[in-house]
Amino acid sequence: MGKFSFLTAIFLLVFSLTYAQHNHDHDHSGHDHSGHDHSGHDHSGHDHGKKERKVLKRNSKKLQEQRAAQSGHNHAGHDHTGHDHGHGHTNACGLAGDDHSTFNPGKVAFHHISDQNIFSIGPFSLPLPCIVKDPNGWHFFSSGKFKADAHGNSHYAYKGYVLYEGSLRRVKDASFPKEKVELHHGDITSQLENVDGIPKPADVVSVCYQNKAYKAENKSTFDGGMFGGRMTGFYDFSITKNVASMFIVFAILAFILLRTAKSYKTRQGKAPSGVQSLIEPIFVFMQDEVCKPFLGHAWEKFTPFLMSLFFFILGLNLFGQVPFFGGSNVTGNLSFTMVLALIATIVVFFNGNADYWKHIFWMPGLPAWVKVIITPVEIVGNFILKPATLMLRLFGNMAAGHIVIVIFIGLIFLFGKNGANTMGAAGASVASVLLSLFMMALELLVAFIQAFVFTILTASYIGAATEEHHAH
Amino acid sequence: MTGTLAAIGAGLAVIGAGIGIGNIGSSAMEAIARQPEAVGDIRANMILTAALIEGAAVIAIILSFVL
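Given the structure is predicted, the values throughout are model-derived calculations rather than measurements.

## A closer look at the overall build of chain B
Here is step 1 of the chain: In terms of helices and strands, chain B carries two helices and zero strands.
Here is step 2 of the chain: Its C-alpha radius of gyration of 15 Å places chain B more than 25% over the 11 Å reference for a compact globule of 67 residues.
Here is step 3 of the chain: Within the span of chain B, comprising 67 residues, buried residues form 10% of the whole.

## A closer look at the interface of chain B and chain A
Interface size is often expressed as the accessible area that is lost when the parts come together.
Here is step 1 of the chain: Contacts between chain B and chain A engage nine residues on the former and ten residues on the latter.
Here is step 2 of the chain: When the residues that make up the side of chain B that touches chain A are grouped by side-chain class, the tally is eight nonpolar, one polar and no charged.

## Some remarks on the confidence of the model for chain A
Residue and element names in this part refer to chain A.
Here is step 1 of the chain: Averaged over all residues, the pLDDT of chain A is 77; the fraction at 70 or higher stands at 75%.
Here is step 2 of the chain: Mean pLDDT across the secondary structure elements of chain A bottoms out at helix H2 (residues 53–58), with 45, and peaks at helix H7 (residues 299–321), with 94.
Here is step 3 of the chain: Low pLDDT (under 50) marks residues 17–87, which in the prediction has 114 contacts with non-local residues, meaning those over four places away or in another chain.

## Some points on the sheet that holds strand E4 (residues 137–142) of chain A
Residue and element names in this part refer to chain A.
Here is step 1 of the chain: Pairing within the open sheet is antiparallel, and its three strands lie in the order E4-E3-E12. Since the sheet does not close on itself, it has two edges, and those belong to E4 and strand E12 (235–236), each with one partner.
Here is step 2 of the chain: Inspection of the sheet shows strand E3 (residues 129–134) paired to E4 by six bridges, in the antiparallel sense. Counted as the bridge partner of Ile 131 is Phe 140 from E4.

## Focus: the sheet that holds strand E11 (residues 212–215) of chain A
Residue and element names in this part refer to chain A.
Here is step 1 of the chain: If you trace the three strands from one edge of the open sheet to the other, you get E9-E10-E11, paired in antiparallel fashion. The outermost strands of the open sheet, each flanked by one partner alone, are strand E9 (188–193) and E11. When strand polarity is set aside, the average angle formed by the axes of neighbouring strands in this sheet is 40 degrees.
Here is step 2 of the chain: Strand direction decides the pairing type here: strand E10 (residues 202–209) and E11, joined by four bridges, are antiparallel. Residue pairing in the sheet places Ser 206 in a bridge with Lys 215 of E11.

## Here's the deal with the packing of helix H11 (residues 422–465) of chain A against helix H2 (residues 39–66) of chain B
Here is step 1 of the chain: Their axes nearest at 10 Å, the elements H11(A) and H2(B) cross at an angle of 90 degrees. Classed by the angle they form, the pair H11(A) and H2(B) counts as roughly perpendicular. Residue-level inspection shows Ile449(A), Val453(A) and Ile456(A) of H11(A) in contact with H2(B), the latter providing Ile47(B), Leu48(B) and Ala51(B).
Here is step 2 of the chain: The residue makeup of the contact of H11(A) with H2(B), split by class, is six nonpolar, no polar and no charged.

Rules used throughout
Residues numbered from 1 in each chain as written. Chains lettered and ligands numbered in written order. Predicted model: local features only at pLDDT ≥ 70, side-chain atom pairs only at ≥ 80, totals over all residues. Helix = DSSP H or I, 4+ residues; strand = E, 2+ residues; numbered from the N terminus. Rg over C-alpha atoms; globule rule 2.2 N^0.38 Å. Buried ≥ 20, exposed ≤ 12 C-beta atoms within 10 Å, placed from the backbone. Contact = placed C-beta atoms within 7 Å. Nonpolar A, V, L, I, M, F, W, Y, C, P; charged D, E, K, R; others polar. pLDDT = per-residue confidence, 0-100. Pairing = 2+ DSSP bridges. Axes fitted to C-alpha atoms, helices over the stretch in contact; angles between N-to-C directions. Parallel < 35°, antiparallel > 145°, perpendicular 65-115°, else oblique.

Here is the structure:
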């Protein structure tokens, strides 16, 4: 009973804290070309801005007229070989959209490791519920209301929200209509602008509706803008892709581990079989190598916490490696690892005995002048560095792995010039597949290692905090 | 220019990681040669120490992306 409630408490704490925070990843206007087919795109009938596509489809005569009128409209100087869109369409507000002609690996990589409000399984996208609180109150709706296209840009604006590249944005201006309005292709764009308080120009999303450009707020964050998030006017508690992945991994882990526990009860005294044979080596390894050596006499008290930490991180790491099933990146998300590091630090602080605190603030066994120097070092090290390195190590390893894999797959697009050069793409795909296979194998190893390292470091910190007094 | 500086910074960080992990690997090999029965313990400790050093290198790489 005690162990189970401990587990649930940890999981609930993680979920609730991550709910309130949003990811701090850089908001680059990345571009996912995996589903976007540019071949055969006819530019002559492509309408810009307000001209209703429905009207064009219904009335072919008008189409001819508009084609004639459009020959000089926004196409001057644009190169249309293959599927090249030239340097971005400009929509009715005069804001340039994203350039589809060249492949930008950095932006695509950052887009793929960011959190989204859509869960994409292969070519299908599952809309996820959006739960937001803004100055107008609480709103609950499904992200399917946005009818997002292949890039994740929404076709409709709902209650003043749009979906830009899969994530929820709120239009700042109160005059933007609150009911469901239709937008056109290219109406949601992002420009690099200088924003107060951020050293580099940041991407600002604008929505063009009825020839007026409305600026949209950035994704809701808790950090007050440290990593380019900027304080926003709405609080996003949506079930995003990351939260959904956490639920899925939790369900899988709960199923496996509870079955293992049950089979130990029903098969007492017998040899392990079935799922016990899977979990037992890992569990006993962690118990003998991590819990017992580092925690000393109190090892049974902290083993449930450390085991939950290990299996949860391991499960999420492995879940992030599964291709096409969401492509989730929970452990490569700074807010998630920050919450984990915070939980570990809180556990350490709450279980630190007097000896531990004395060692930090006034280390015994040293001359007084050395103690004065050591105290700030210890304070910074224990309060800031240890949680920060726990957070950054896990985040960096997993995010870097995901970025590298996305870039290796993006080599195909790079060499194929986004579809213009099929032979280049074919050649690059051979190399890309081999490289990606190698990276994915390495990532499996890294998944285990990083979960292990996080757990062993937490165990070592807890052990140091609960260590019994020994004479100096 | 900032892109190149970031790449140079990341490369420098990886040099440090490479030297450190090389040291760990060599001392681990020596220790295993001296006492082959302790392979399990030595391997676990080697991986742990390598991961710690990798952590520092990865932090440096991520910072070079961010800044």
